[in-house]
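Each chain, written out:
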Amino acid sequence: MKKSAFFSDVFFTFFLFWLFTLCVFRYLRVALLPALFLSFVCGALAACAVAALLHGKRKSVFLKKSDEAQKQKLLLHLALLSDEGKTKLFSAALKTAKRLGKLRLQTEENFCFLRFSFAPVTADEVASLARFKTAKPKLLYCSELEESAKTLCKRLGIETKTGESVYRLFKEENALPQSYLGEETKQNKRKELFKVCFAKSNAKRFLFCGSLLLVTSLITPFPYYYLVFGGALLLVALFIRIFGKES
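Quantities reported herein were computed from a predicted structural model and do not represent experimental measurements. Note on numbering: residues in each chain are counted from 1, in written sequence order. Local features in this predicted model are restricted to residues whose pLDDT is 70 or higher, and side-chain atom pairs enter the listing and the counts only when it is 80 or higher, whereas totals over whole chains, interfaces and linings include all residues. As a rule here, side-chain values cover all heavy atoms of the structure and leave hydrogens and water aside.

Trainee: Please explain the pattern of salt bridges as it appears in this structure.
Mentor: Where charged atoms from two side chains of opposite charge approach closely, those side chains can pair. In the sections that follow, a salt bridge refers to a side-chain nitrogen of Lys or Arg positioned within 4 Å of a carboxyl oxygen of Asp or Glu. Using the criterion set out here, one finds six salt bridges in the structure. For Lys71, the salt bridge goes to Glu68, with nearest N and O atoms at 3.5 Å. In this pair, Lys71 and Glu68 are both assigned in helix H2 (residues 32–80), three residues apart and thus about one turn of the helix distant. Whether a residue is buried, partly exposed or exposed follows from its accessible area with a 1.4 Å probe, protein chains only, as a fraction of its type maximum: under 20%, in between, or over 50%, in that order. Judged by relative accessible area, Lys71 falls into the buried class, the value being 13%. The exposure class assigned to Glu68 is partly exposed, which follows from its relative accessible area of 36%. When the shortest N-O distance is used, the salt bridge between Lys71 and Glu164 registers 3.5 Å. With Lys71 in helix H2 and Glu164 in helix H6 (residues 163–172), this pair connects stretches of sequence that are 93 residues apart. The network of salt bridges with common partners includes Glu68, Lys71 and Glu164. Numbering of helices and strands starts at the N terminus; helices are DSSP runs of H or I of at least 4 residues and strands are runs of E of at least 2.

Structure follows, in structure tokens:
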């Protein structure tokens, strides 16, 4: 759950209970100021309850999405990085490793190969690794393997570690890069945010919210507030519909 969605759900809960209880208290002929106070308390209690329920879920989902995004950035970075750069990066992560040339390292336990590109590792590439003579077990680090390559690795006794394991290695060893190749610049992010906010598809959402506020003005003791903001949302919906970007 996104942070904005979390706060939106909490605020929506508060607003819903505040408005409903305010109308109920006014229907019971409670004075305006006490009704406002009591409805505010009811809304706040309901919002706190929803926030407590969503907090744990939001935290776990956020961590999973954050790790997934970080993993994809790392794999893209490795695919774009030079052979020398890949070797240096893994040398830092595998602290006891000795460099045996580009894309080859040796640890106390394994003879390691590095193969990172935009295409999965093929069976032919795996076959080429079998030609290297070493007394230590062979270990292949890569982003992904073809099914035929996986089968051949099993037959040849070559252990493989793909995207998830590679990311976990770098994270546990605190060896993640400070900056990533292919990462979006701030300017591109601002352009993307502008495009998302002013997409024509958002016009329906503003129209619905504005209409809801206008309808609410018919049953609330404070109609002018809802009329003003409802009308403003309708104007925004019209503006986005005419001048917005195609999604």
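Trainee: Just checking my understanding: could you explain the side chain of Lys86 for this structure?
Mentor: Topologically, Lys86 is positioned in helix H3 (residues 83–93). Notably, Lys86 is buried but unbridged: the nearest opposite-charge side chain belongs to Asp83, and the N-O separation is 4.0 Å. Positive residues here are Lys and Arg, negative ones are Asp and Glu, while His and the chain termini are left out of the count.

Trainee: Sorry, what's going on with the sheet that holds strand E4 (residues 138–142) here?
Mentor: Hydrogen bonds along the backbone pair up the strands of a sheet, which may run parallel or antiparallel. DSSP calls a pair of strands paired once it identifies at least 2 bridges connecting them. With respect to topology, five strands assemble into an open sheet ordered E1-E2-E3-E4-E5, the strand pairing being mixed. Since the sheet does not close on itself, it has two edges, and those belong to strand E1 (98–99) and strand E5 (159–161), each with one partner. Here strand E3 (residues 111–115) pairs with E4 via five bridges, running parallel. Bridge pairing in E4 places Cys112 opposite Leu139. Docked against the sheet, H6 engages E4 and E5, running at close to 90° with respect to E4. We call two residues contacting when some pair of their heavy atoms lies within 4.5 Å. Angles shown run from 0 to 180 degrees and are taken between the N-to-C directions of axes, each axis being a line fitted to C-alpha atoms and, for helices, limited to the stretch in contact.

Trainee: Sorry, what's going on with the pairing of E3 here?
Mentor: Within a regular strand, the side chains alternate between the two sheet faces. The element E3 is largely enclosed, with a buried count of four among its five residues. Alignment of strand E2 (residues 104–106) against E3, held across three bridges, turns out to be antiparallel. Of the residues in E3, the one forming a bridge with Arg104 is Phe113. Linking two consecutive strands that pair antiparallel, namely E2 and E3, is a turn of four residues.

Trainee: So what exactly am I meant to see when it comes to the nonpolar core here?
Mentor: It is characteristic of soluble globular proteins that their nonpolar side chains tend to be buried jointly. Here the nonpolar core consists of buried residues drawn from Ala, Val, Leu, Ile, Met, Phe, Trp, Tyr and Cys, with membership extended through side-chain atoms lying within 4.5 Å. Formed by 22 residues in total, the largest nonpolar core has its most connected members in Phe90, Leu94, Phe116, Tyr141, Val166 and Phe170. When residues of this core are traced back to their parent elements, those giving at least two are H2, H3, E3, E4 and H6. With four residues, the top contributor of residues to this core is H6. Core analysis: the next-biggest nonpolar cluster, separate from the first, contains 11 residues, Val121, Val126, Leu140 and Cys153 among them.

Trainee: I'm lost on the packing of H3 against H6 in this one. Help?
Mentor: The relative placement of two packed helices comes down to the angle between their axes together with the axis-to-axis distance. Remark: H3 packs on H6, axes separated minimally by 9 Å, with the N-to-C direction vectors making an angle of 60°. Considering their axes alone, H3 and H6 lie oblique with respect to each other. Along its contact with H3, which presents Leu89, Phe90 and Ala93, the element H6 presents Val166, Leu169 and Phe170. Of the residues belonging to the contact of H3 with H6, the class tally is six nonpolar, no polar and no charged. To sort the angles, those under 35 degrees are grouped as roughly parallel, those over 145 as roughly antiparallel, those from 65 to 115 as roughly perpendicular, and the leftovers as oblique. Each residue receives one of three labels: charged for Asp, Glu, Lys and Arg, nonpolar for Ala, Val, Leu, Ile, Met, Phe, Trp, Tyr, Cys and Pro, and polar for the others, Gly being one of them.

Trainee: Which parts of the structure should I look at to understand the pairing of E4?
Mentor: Where burial is concerned, most of E4 is hidden: five out of the five residues are buried. On E4, burial covers both faces: Lys138, Leu140 and Cys142 on one face and Leu139 and Tyr141 on the other are all buried. In the classification by handedness, the crossover that spans E3, the intervening helix H4 (residues 123–129) and the parallel E4 is right-handed. Pairing geometry for E4 and E5, over three bridges, is parallel. Bridged to Tyr141 within E5 is Lys161. Each parallel crossover has a hand, and the one from E4 via helix H5 (residues 147–156) to E5 is right-handed. Handedness rule for crossovers: strands pointing away from the viewer, path from the first strand over the helix to the second running clockwise, crossover right-handed.

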